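Here is how the chains run, residue by residue.
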Amino acid sequence: MDTDTTHIDELISREYAHGFVTDIEADSVPPGLSEDVIRLISAKKNEPPFMLEWRLDAYRHWLTMREPDWSSIGHPPIDYQDIVYYSAPKAKKDGPKSLDEVDPELLRVYEKLGVPLKEREALAGVAVDAVFDSVSVGTTFKSRLAELGIIFCAFSEAVQEHPELVRQYLGSVVPRGDNFFAALNSAVFTDGSFCYIPKGVRCPMELSTYFRINAKDSGQFERTLIIADEGAYVSYLEGCTAPMRDENQLHAAVVELVALERAHIKYSTVQNWYPGDRDGKGGIYNFVTKRGDCRGAHSHIAWTQVETGSAITWKYPSCILRGDNSVGTFHSVALTNHRQQADTGTKMIHIGRNTRSTIVSKGISAGRGSNAYRGLVKVLKTAEGARNYTQCDSLLVGDRCAAHTFPYIEVRNPTAKVEHEASTSRIGEEQLFYCRQRGLSAEDAVSMIVNGFCKEVFKELPMEFAVEAQKLLGVSLEGSVG
Amino acid sequence: MPPILEIRGLEARVDDKPILRGIDLTVNPGEVHAIMGPNGSGKSTLAQVLAGRETYAVTAGEVHYLGADLLTRAPEERAREGLFLAFQYPVEIAGVSNVYLLKAALNAARRHRGEPELDAMDFLALVRGKLKAMEMPEDLIYRSVNEGFSGGEKKRNEILQMALLEPKLAILDEADSGLDIDALQVVARGINALRAPGRAMIVVTHYQRLLDYVVPDFVHVLSQGRIVRSGGKELALELESRGYGWIDDAAPAAVRAQ
Ligand SMILES: Nc1ncnc2c1ncn2[C@@H]1O[C@H](COP(=O)(O)OP(=O)(O)OP(=O)(O)O)[C@@H](O)[C@H]1O
Ligand SMILES: [Mg+2]
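What counts and how
- Residues numbered from 1 in each chain as written.
- Chains lettered and ligands numbered in written order.
- Predicted model: local features only at pLDDT ≥ 70, side-chain atom pairs only at ≥ 80, totals over all residues.
- Heavy atoms only, no water.
- Helix = DSSP H or I, 4+ residues; strand = E, 2+ residues; numbered from the N terminus.
- Buried < 20%, exposed > 50% of the residue type's maximum accessible area, 1.4 Å probe, protein only.
- Contact = heavy atoms within 4.5 Å.
- Areas by Shrake-Rupley, 256 points an atom, 1.4 Å probe, with all protein chains shown as cover.
- Donors = N, O, S within 2.8 Å, 3.2 Å for Na, K, Ca; no water.
- pLDDT = per-residue confidence, 0-100.
- Salt bridge = Lys/Arg side-chain N within 4 Å of Asp/Glu carboxyl O.
- Pairing = 2+ DSSP bridges.
- Polar contact = N/O pair within 3.5 Å; in protein donor to acceptor, adjacent residues only side chain to side chain.
- Core = buried A, V, L, I, M, F, W, Y, C linked by side-chain atoms within 4.5 Å.
- Near = heavy atom within 4 Å.
- Nonpolar A, V, L, I, M, F, W, Y, C, P; charged D, E, K, R; others polar.
- Axes fitted to C-alpha atoms, helices over the stretch in contact; angles between N-to-C directions.
- Buried area = accessible area lost by both parts, 1.4 Å probe.
- Parallel < 35°, antiparallel > 145°, perpendicular 65-115°, else oblique.
- Left-handed = near helix turned anticlockwise from the far one by under 90°.
- Phe/Tyr/Trp six-rings, centres within 6.5 Å; stacked < 30°, edge-to-face > 60°.
- Lys NZ or Arg CZ within 6 Å of the ring centre and 35° of its normal.

**Remarks on the overall build of chain A**
From N to C terminus, chain A includes 11 helices and 23 strands. Buried positions account for 63% of the 482 residues belonging to chain A. By sequence separation, contacts in chain A at least 24 residues apart represent 84% of the contacts at least 6 residues apart. Approximately 18100 Å² of chain A is accessible, and the part contributed by carbon and sulfur atoms is 48%.

**Re the coordination of the magnesium ion (ligand 2)**
Residues and elements named next belong to chain B. Here the magnesium ion (ligand 2) is held by the protein donor atoms Ser44 (OG) and Gln88 (OE1), which lie 2.0 to 2.1 Å from it. A residue pair is termed long-range when its members are at least 10 positions apart, and Ser44 in helix α1 (residues 43–51) and Gln88 in the loop between β6 (83–86) and β7 (93–97) qualify at 44 residues. Taking the relative accessible area as the measure of exposure, Gln88 reaches 15% and is therefore buried.

**What about the confidence of the model for chain A?**
Residues and elements named next belong to chain A. When pLDDT is averaged across chain A, the result is 80; 72% of the residues are at 70 or more. For residues 1–12, every residue scores under 50 in pLDDT, and the model assigns this stretch 39 contacts once sequence neighbours within four places are set aside. Confidence drops under pLDDT 50 across residues 120–124; counting only partners more than four residues distant or on other chains, this segment forms five contacts.

**Observations regarding the pattern of salt bridges**
Here the structure, examined in full by the defined rule, presents 28 salt bridges over all chains. A salt bridge links Glu429 of chain A to Arg53 of chain B, with the shortest nitrogen-to-oxygen separation between them at 3.0 Å. Note that Glu429 of chain A is positioned in helix α9 (residues 429–437) and Arg53 of chain B in the loop between α1 and β4 (57–65), a pairing that runs across two chains. For the pair shown, Glu429 of chain A and Arg53 of chain B are each scored as buried.

**Here we look at the sheet that holds strand β2 (residues 17–27) of chain B**
Residue and element names in this part refer to chain B. Read across the sheet, four strands follow the order β2-β1-β4-β5 without closing on themselves; strand pairing throughout is antiparallel. Each of the sheet's edge strands pairs with one partner strand only, and the pair in question is β2 and β5 (68–69). With two bridges connecting them, β4 and β5 associate as antiparallel partners. What sits directly across from His64, in β5, is Asp69.

**Quick look at the confidence of the model for chain B**
Residues and elements named next belong to chain B. In the predicted model, chain B carries a mean pLDDT of 91, and the fraction of residues at 70 or more is 96%. No element of chain B has a lower mean pLDDT than helix α11 (residues 253–256), at 40, and none a higher one than β6, at 98. Listed scores for the predicted complex are pTM 0.77 and ipTM 0.95.

**Thoughts on the side chain of Thr55 of chain B**
Inspection of the secondary structure puts Thr55 of chain B in the loop between α1 and β4. There is a polar contact of 3.3 Å between the side chain of Thr55 of chain B and the side chain of Arg53 of chain B.

**A short note on the nonpolar core**
Core analysis: the biggest nonpolar cluster contains 93 residues, and Ile364 of chain A together with Leu5, Ile7, Leu50, Leu169, Leu172 and Ile202 of chain B have the highest contact counts within it. Take this core: its biggest share by element is nine residues, from helix α10 (residues 442–458) of chain A. If near-sequence neighbours (up to four positions away) are discounted, Ile364 of chain A is found in contact with Val333, Ala334, Leu335, Thr336, Asn371, Leu395, Val397, Val450, Phe453 and Cys454 of chain A. Counting 36 residues, the second-largest nonpolar core is a separate cluster that includes Ile150, Ile265, Tyr267 and Val377 of chain A.

**Describing the site of ligand 1**
Residues and elements named next belong to chain B. Near ligand 1 you find 16 residues, and of these Lys43, Ser44, Thr45, Tyr56 and His206 are the closest. A distance of 2.8 Å is found between an oxygen atom of ligand 1 and a side-chain nitrogen or oxygen belonging to Ser44. A total of 630 Å² of accessible area belongs to ligand 1 in isolation, and the protein chains cover 68% of it. Of all elements in the fold, only β2 and α1 reach the threshold of two or more residues within the shell around ligand 1. A per-element tally of the shell around ligand 1 places α1 first, with three residues. Residue composition of the shell around ligand 1, grouped by class: four nonpolar, nine polar and three charged.

**Notes on unusual backbone geometry**
Its identity as a non-glycine residue notwithstanding, Asn354 of chain A has a phi of 50°, on the positive side. Mapped onto the fold, Asn354 of chain A is located in the loop between β18 (341–350) and β19 (356–365). For Gln224 of chain B, which is not glycine, the phi torsion reads 45° and is therefore positive. Within the secondary structure, Gln224 of chain B sits in the loop between β11 (218–223) and β12 (226–231).

**Details of the environment of Trp54 of chain A**
Residues and elements named next belong to chain A. Take Trp54: it is sitting in helix α3 (residues 49–63). In the structure, Trp54 is positioned 113 residues away from Arg167 in sequence and 9.7 Å away in space, judged by C-alpha atoms. Apart from the residues lying within four places of it in its own chain, the contact partners of Trp54 are Leu170, Gly171, Arg176, Ser186, Phe189 and Arg223.

**Remarks on the sheet that holds β12 of chain B**
Residues and elements named next belong to chain B. Strand order in this open sheet of six strands is β6-β9-β10-β3-β11-β12, and the pairing throughout is mixed. Each edge of the sheet is formed by a strand with only one pairing partner; in this case those strands are β6 and β12. Direction aside, neighbouring strands of the sheet carry axes that sit 20° apart on average. Across five bridges, the pairing between strand β9 (residues 169–173) and strand β10 (residues 200–204) is parallel. Residue pairing across strands places Leu172 opposite Val203, the latter belonging to β10. In this fold helix α6 (residues 151–165) packs onto β6 and β9, with an angle of close to 170° to the strand it touches most, β6. Lying on the sheet, helix α9 (residues 233–242) is in contact with β3 (32–36), β11 and β12; it crosses β11 at an angle near 45°.

**Quick notes on the environment of Glu117 of chain B**
Residue and element names in this part refer to chain B. Relative to the elements of secondary structure, Glu117 occurs in the loop between α3 (98–112) and α4 (120–133). Among all residues touching Glu117, those that are not within four sequence positions of it are Asn107, Arg110 and Arg111. Looking at Glu117, its side chain comes within polar contact range of the side chain of Arg111, at 2.6 Å.

**Some words on the interface of chain A and chain B**
Taken together, the contact between chain A and chain B spans 19 residues of the former and 33 residues of the latter. Overall, the association of chain A and chain B removes approximately 2200 Å² of surface from exposure, summing both partners, and the carbon and sulfur fraction of that is 59%. Ranking the residues of chain A by area buried against chain B places Phe433, Tyr434 and Arg438 of chain A at the top, with a combined share of 33%. For the interface between chain A and chain B, the tally reads four salt bridges. When the shortest N-O distance is used, the salt bridge between Glu54 of chain B and Arg436 of chain A registers 3.7 Å. At the surface where chain A touches chain B, the tally comes to 13 residue pairs in polar contact (both at pLDDT 80 or more). A per-element tally of the side of chain A that touches chain B places α9 of chain A first, with eight residues. Looking at side-chain class alone, the side of chain A that touches chain B contains eight nonpolar, six polar and five charged residues.

**Regarding the packing of α4 of chain B against α6 of chain B**
Residues and elements named next belong to chain B. Packing of α4 against α6 leaves a shortest axis separation of 10 Å and a crossing angle of 130°. Comparing the axis directions of α4 and α6 gives the class oblique. Between α4 and α6 lies a crossing whose hand is right-handed. When α4 is examined against α6, the residues Phe123, Leu126, Val127, Lys130 and Leu131 are found in contact with a partner set consisting of Leu160, Ala163 and Leu164. Per-class residue counts for the contact of α4 with α6 are seven nonpolar, no polar and one charged.

**Quick word on the packing of aromatic side chains**
Scanning the model with the defined rule gives 16 aromatic pairs over all chains in all. Taking the centre distance of 6.1 Å and the plane angle of 75° together, the rings of Phe287 of chain A and Trp314 of chain A count as edge-to-face. Taken together, the residues Phe287 of chain A in strand β13 (residues 283–294) and Trp314 of chain A in strand β15 (residues 312–315) connect sequence positions 27 residues apart. Neither Phe287 of chain A nor Trp314 of chain A differs from the other in exposure class; each is buried. Ring geometry for Phe433 of chain A against Phe87 of chain B: centres 5.9 Å apart, planes inclined by 75°, an arrangement best described as edge-to-face. Here Phe433 of chain A is found in helix α9, whereas its partner Phe87 of chain B is found in the loop between β6 and β7 on a different chain. For Phe87 of chain B, a relative accessible area of 5% puts it in the buried group. Pairwise contacts between aromatic rings join Tyr59, Trp62, Tyr80, Phe180, Phe181, Phe287, Trp314 and Tyr316 of chain A into one cluster. The ring of Phe189 of chain A has Arg223 of chain A lying over it, and the distance from NZ or CZ to the ring centre is 5.7 Å. The ring of Phe406 of chain A has Arg374 of chain A lying over it, and the distance from NZ or CZ to the ring centre is 4.6 Å.

Right under this line is the structure:
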């Protein structure tokens, strides 16, 4: 029934709301990658020598590596010499000292994106670090957090102000040569957020970074490092958008989380990079390495992600459950529409005794989108009594999309229990008609079904974000009724 | 009072295969019409076409609902205007709670009528009353729509939705099939509770046993996409004892020839 297919397709056609470009003078280096470019980036950021050495090491390692080809995604070759590795909005004098000095044009950008940076207007209870192309343009509520000993600042600032912490933890979760994209990031990363929660401190507000790619031909390579010291708690949110452009842009971030004894880190992402148009032209290549290390006993790292954007998403937020009784959780919603491709999932590496992990993955494929869950549960010999529960559900909208599930399980300890459940369902014309017969518009019916499907994941998100995520899915699935 | 529904020369096909081949039917306020007929004669198709299912292409005829053209309107508009279809095969919707759908449906109709939406408390009080009447346990409304419901529970759930939405025209497609004797009475009571001078019903059924409880004003026999016989409630009794064979004999020659 062809009419039904087109009908559902129309429903899920979307407009990308954040596709505007801001005309702002940028300080960029010419495209291309070499040791000189890396030296230039490091010099521009006035980095201590250990940082430059670290980058060069990563670069040399990267030169020996090849792009991974094991995932189910496909894309034309990326020319790494064609990318701009550093682009920053030109600072008036020496760069903003405080938010009051940030270029008003930039403040307007974030306002337009719904992320006001002026503290008076800022979202109550959320501290924001705003990253524009390669640099952080401002961090809110910094001084209030400092009173508790919490460090929340741009990564480049942390390199200056807290080099000992950076040195101790940078690369300790995702080593420089971990994988092709992580090595590239280690060589050229320009900014990102840094966060340290001292012993026994419960961070009183959500910490959040908002990433925005603006410049053309530039890649974004940010680096985030979060350390929760013994008994600390922090909830961290990440949001992202980019203008609509016909060219593909590369985003290769690295996120490292370190949870010491009894620490708890919640890391939530709502990723809405430009997905490209209906025919797959343009969009962001989102190749990200995210990993958390439950270093201490009884520590807990929780990843929650809602991935609706990007032409290609390649990411596997993982937990290394090193500490005894540590807990890792992964809740994910990934939506692909039109020609979007997502290959996402998680890795749970059980090392400590009685470590537990939970994986809930919800993949939604619409249009000609393709969605793959790829997950590894690895239980080492040492992990007496380890437990994993994995639930992997796919929802297909229409009949031209695809969903795949690749669970890898390696168990080396006989006391471990690993459970895996999977399901696939389809929003069909029959369900839509049933809802419409009850008076719901087709859009409302689709978003009701999709929200119902995602509810287990949404309830893991902080309140403000859950609402945002629901709206985002709504927009992503919005369109005219045929 | 003008008729609630007026169907004139309605023809519909699916994939070029004619299914409805000229239906005429007028339903006035307060009336209950039973539609009977052999499997595959087009009863469900007629119900679905009236509700706006796009799978079926209307190729001729017209339908007026409450004096206005029905066929040009979207299914959800028809629903909000008070046209309700109880499905022969209610669909399952995983992850969506029954109560959520009920509330969304009721509020869509209320918004359409310019009435304020019901808040959660008032809504729950209303639903609880209807649940009781349908002798349904409350936990059914917190489960996913029709998912894992027994055949009988699905049918009751359709009538529950109808009771809540209080439609002007209810089309019940085999609301009685698969029900045990007690459930049949509960469903029949639910249907009768909605009978009112301003409302009308079209009841599709194969069995007299439902019509013992829901006594129709008219009975029509559908065969090969046409109404081949209409009468009062005694027609159903006659069908019960004699089957459809004698009707087919009496059907117009053109129908018999195919
Ligand atoms: N979507 C469809 N595609 C193809 N044929 C269809 C479709 N819908 C209905 N038909 C055909 O139209 C005819 C009428 O079907 P319909 O469901 O209306 O019959 P019915 O009178 O309700 O039968 P029953 O008493 O078995 O419920 C049948 O031959 C059926 O196969
Ligand atoms: Mg039928």
